[in-house]
Amino acid sequence: MSKKINLLNLNREGLCKLFLSIGEYSFRSNQLMSWIYQKDCLDFRKMTNFSSNLINKLEKISCIILPKLFRIFHSCDGTIKILIEVGYNQYIETVYIPYKNRTTLCLSSQIGCILDCKFCCTGKQPFVRNLFVFEIIGQILLVKKMINHLKLNNNKSITNIVFMGMGEPLLNFKNLVVSIKIILDKFGLGLSKRKVVISTSGIIPAIHELFKNIDVVLAISLHASSDVVRDSIMPINKRYKIKDLINTVAKYMVYSRANCGVISIEYIMIDGINDTKIDVFNLINLLKNIPSKINLIPLNNFSGLNYSCSNNKKIKYFFDILTQYGFIVTIRKSRGADIYASCGQLSGVFFK
Ligand code: SAH
Ligand code: SF4
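Residues numbered from 1 in each chain as written. Chains lettered and ligands numbered in written order. Predicted model: local features only at pLDDT ≥ 70, side-chain atom pairs only at ≥ 80, totals over all residues. Heavy atoms only, no water.

Identification of the chain as Dual-specificity RNA methyltransferase RlmN from Candidatus Purcelliella pentastirinorum is taken from an unreviewed UniProt entry. Within the UniProt record for the chain, the comment given under Subcellular location (unreviewed entry) is "Cytoplasm". Annotation of the chain in UniProt includes, under Sequence similarities (unreviewed entry), the sentence "Belongs to the radical SAM superfamily. RlmN family." (UniProt positions renumbered as here; feature names shortened; annotations may be inferred.)

Student: Break down the site of ligand 2 for me, with residues and values.
Tutor: All residues in the neighbourhood of ligand 2 are listed as Cys 113, Leu 115, Asp 116, Cys 117, Phe 119, Cys 120, Gly 123, Gly 167 and Ser 201. In terms of residue class, the shell around ligand 2 is built from five nonpolar, three polar and one charged. (Near = heavy atom within 4 Å. Nonpolar A, V, L, I, M, F, W, Y, C, P; charged D, E, K, R; others polar.)

Student: Account for the nonpolar core, with residues named and values stated.
Tutor: Of all hydrophobic cores here, the largest spans 124 residues; its most connected members are Phe 119, Phe 163 and Leu 322. Per-element tally for this core: the top contributor is helix α5 (residues 133–150), with 10 residues. Split by domain, the residues of this core number at least three in each of domain 1 (5–63) and domain 2 (68–339). Filtering out sequence-adjacent residues up to four positions away, Phe 119 remains in contact with His 223, Ile 233, Met 234, Ile 268, Ile 270, Leu 299, Phe 302, Leu 305 and Tyr 307. (Core = buried A, V, L, I, M, F, W, Y, C linked by side-chain atoms within 4.5 Å. Buried < 20%, exposed > 50% of the residue type's maximum accessible area, 1.4 Å probe, protein only. Helix = DSSP H or I, 4+ residues; strand = E, 2+ residues; numbered from the N terminus. Domains from an automatic or database assignment. Contact = heavy atoms within 4.5 Å.)

Student: Before we move on, can you summarise the domain arrangement of the chain with the specific residues and values?
Tutor: Each assigned domain of the chain is listed here: domain 1 (5–63) and domain 2 (68–339). Taken together, the 14 residues of domain 1 in the interface contact 15 residues of domain 2. Taken together, the links from domain 1 to domain 2 amount to three salt bridges. Where Arg 12 meets Asp 185, a salt bridge forms, and the shortest distance between an N and an O atom there is 2.8 Å. Of all elements in the fold, only α1 (12–21) and α2 (28–38) reach the threshold of two or more residues within the side of domain 1 that touches domain 2. Broken down by class, the residue content of the side of domain 1 that touches domain 2 amounts to five nonpolar, six polar and three charged. (Salt bridge = Lys/Arg side-chain N within 4 Å of Asp/Glu carboxyl O.)

Student: Before we move on, can you summarise the side chain of Asn 300 with the specific residues and values?
Tutor: Turning to its location among the elements, Asn 300 is positioned in the loop between β13 (292–298) and α11 (312–324). What makes Asn 300 buried here is its relative accessible area of 13%. Here the side chain of Asn 300 touches Cys 343 through a polar contact of 3.1 Å, landing on its backbone oxygen. When near neighbours in sequence (up to four residues on either side) are disregarded, Asn 300 contacts Leu 305, Ser 334, Ser 342, Cys 343 and Gln 345. (Polar contact = N/O pair within 3.5 Å; in protein donor to acceptor, adjacent residues only side chain to side chain.)

Here it is as structure tokens:
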């Protein structure tokens, strides 16, 4: 294995330090980033504003290496699931979701997930490890290549990034922060902080740390409105209780501009578990003092799942009551279910 530094692991700060350490100006990091992230050029020798002396120095100590695109799966609705090899027998999944007016990329942050939510296929896989920055950022670069190659969606580039793939992003905090700095950097992918979403099951200490490091949209996977129900479907709730979670997020909102003062709440509708009248009124009570946008998510199926989705009548009932009480409510439209690319269906197992 190469001992050279993979430059995809470094954000601008890291690159500046590297250039200074080899006797070069720090502005070279801006140039390097725009080659990689804006001109899709990963070959030092094609970076025309670098002298051959600089290229030789870079080649001696560093490299630019992407993870390996292993296979792609096309859904009938235009969604594409990309299976990426990140080690021997280790795979992660990334989902490309084109809409009329935007293109969303759903990224993975870990191989597997340790948190074992009872409704999630990723949680059923063994946790292997955190992804490196080059593997997080590499998902975006591989998809950009794919868009150009397949001339997808009129070559429209990625407009939104959501960390809703495999893993709990806030448990890979350091690499998540560096990756997001690259995503937001004007010499990197240059996305607006309002277009980048971290979805989390609610790792309270990491939410406290988040605003000191970056500001992006935070979506909370709540899925229950009482500790009793949440304990039974999300073991993390035994450690971080609902009220503490909501209070922590309310604090994050004070500092965050990306969220525009509104918490995004994700609530999967699971038949007979969290979809009763008591559940919805507990939810109203819990969120009554916090401006919230509630996304109701019909439960997606996978083999081995012990729950079923609430029926349409129940989902509509939740929608109506929450709307009446003044919340902004949406019902998530599932994409890519025919290729197991929807929320909670990602496993990194490809023989399905
Ligand atoms: N670990 C993070 C992000 C990855 S999961 C989190 O839990 O938020 C992305 C989203 O998919 C989360 O809201 C998660 O709760 C949801 N999800 C998991 N399993 C699901 C399923 N079977 N059907 C619908 N959504 C699911
Ligand atoms: Fe992990 Fe999120 Fe799945 Fe829970 S829902 S097991 S936190 S990936």
